[in-house]
Amino acid sequence: METGVNYDGFIKAIRQSGLTIYDPIETNDSECWIPTSILEELLNFELVGTPLENLPLRTRSKVVKQRICRALGYPIPQTFKKTQPRFPSQNFDTYVQKSNNLQIWNEQVSPSRRYVIIQIGAQEVITAVRVIEGDTLAQLDSSGTLTKKYQARMILGDIDEELFSPVDTEFLRTFIDPDFHKEMDAAPNNLPRNRQLLPIEHIFERLRTLVGETLPAVGYVQERRRSELLHRLVCQQLGYSDFSDDGRFPDITHQLIELKLQTSLTIDLGLNCPDNKEAIQRLHIEGHGIRPCDVRYALFFGDMDDKDVHLTHFTLITGEKFFERFPKMLGNVMNQKIQIPLPNSFFEFQSKRIPN
């Protein structure tokens, strides 16, 4: 295969490994784990142009899975198990789409999973493939059914400033420099760097001074605006020269900090369960996947006064310990079917597929 990326290296390694699609691979396995962008290019190269005309839905799905196995170097199983995800080895599910209405049955979108979405054109031929992480896919949901899967109850402590987790997770401590005190030379939404993560106790000392601050009412979308103001203040306290926010988890990716501004006692946690130990595909340090349990959660509680919010309490805690401090609430959203309208531009990307 002659392309700008060495796909053959991954395919050869998978074939020689003897792995099946049901054998999980660590994300730091540089030989067999295929990064998302390369997986997308590879599947476009191998699948685009595949005819699927006159095939029943189940047969069509089976043919696509067989073609994917062949493309990635895996043996084709006699029958495909109903696992979640369907391809545990590379941690992805497959969806074959004739329309822009993506339907996911009997489960929520997983932020740690990848989704291979395959477009079929008018001539019943595969025309494009997108590979997208679950947390990015969830942002396309306009109904709101995906945004409050996990919730917890805020309990205010006896002290205004609380460091509930005195140390980071054992995994994260490997990448932390306790003597790192420099001003941040990266954007807040950049990936974290080895030896440039502040210890959780240093983050606490920088952010505890925000208790007593007031977030004024500005504009019509008050809640969103106040959250942005808090985000800006936190970035300043951490030493960033500028503010940036891409709307993804965690809010300050560079320091693995998720911010919560609370004016009520219900904490909405979205798709990412704080104590989850599954790696988030797009978050890594030197190839090692970062889990929600490694993220530092900074919770600010404020009293409202004429729509201004006065910050009165601050708690810093790791995802690993989150539910030890804030009880998980029952009754999480779980629909039998989730429908996500894909934008018209979803498949409009610059494919690097080279024609046969």
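Reference entry: report on the structure contained in this document. (Residues numbered from 1 in each chain as written. Predicted model: local features only at pLDDT ≥ 70, side-chain atom pairs only at ≥ 80, totals over all residues. Heavy atoms only, no water.)

1. Observations concerning the pairing of strand S13 (residues 308–318)
- The element S13 is largely enclosed, with a buried count of nine among its eleven residues.
- Pairing analysis gives three bridges linking strand S6 (residues 161–163) to S13, with the strands arranged parallel. Pairing of Glu161 across the sheet is with Phe314, part of S13.
- Inspection of the sheet shows strand S12 (residues 296–305) paired to S13 by ten bridges, in the antiparallel sense. For Leu299, the partnering residue across the bridge sits in S13 and is Thr315.
- Here S12 folds back onto S13, and the loop between the two strands holds two residues, one of which, Asp306, carries a positive phi near 55°. (Buried < 20%, exposed > 50% of the residue type's maximum accessible area, 1.4 Å probe, protein only. Helix = DSSP H or I, 4+ residues; strand = E, 2+ residues; numbered from the N terminus. Pairing = 2+ DSSP bridges.)

2. As for the sheet that holds strand S3 (residues 114–120)
- Read across the sheet, three strands follow the order S1-S3-S4 without closing on themselves; strand pairing throughout is mixed. Where the open sheet ends on each side, the last strands, each with one partner, are strand S1 (92–97) and strand S4 (126–133). Ignoring which end each strand starts from, the neighbouring axes of this sheet average 20° apart.
- Docked against the sheet, helix H2 (residues 36–47) engages S1, S3 and S4, running at close to 165° with respect to S4.
- Packed onto the sheet, helix H3 (residues 57–72) meets S1, S3 and S4 and runs at close to 130° relative to S1. (Axes fitted to C-alpha atoms, helices over the stretch in contact; angles between N-to-C directions. Contact = heavy atoms within 4.5 Å.)

3. With respect to helix H1 (residues 7–17)
- Within the sequence span of H1, burial applies to Tyr7, Phe10, Ile11, Ala13 and Ile14. For H1, the buried positions fall inside an angular range of 165° around the axis, keeping them on one side. H1 presents Lys12, Arg15 and Gln16 as exposed residues on the side facing more than 90 degrees away from its buried surface.
- Buried residues belonging to H1 abut H2 and H3.
- One or two positions beyond H1, positive phi appears at Gly18, with a value near 75°. (Arc of directions from axis to C-beta.)

4. Side note on the packing of H2 against H3
- Direction vectors running N to C along H2 and H3 enclose 115°, while the axes themselves pass 10 Å from each other. It follows that H2 is roughly perpendicular to H3 by the angle criterion. Note that H2 runs across H3; the crossing there is right-handed. Contacts from Leu39, Leu42, Leu43, Glu46 and Leu47 in H2 reach Arg67, Ile68, Ala71 and Leu72 in H3.
- Residues belonging to the contact of H2 with H3 are distributed by class as follows: seven nonpolar, no polar and two charged. (Parallel < 35°, antiparallel > 145°, perpendicular 65-115°, else oblique. Left-handed = near helix turned anticlockwise from the far one by under 90°. Nonpolar A, V, L, I, M, F, W, Y, C, P; charged D, E, K, R; others polar.)

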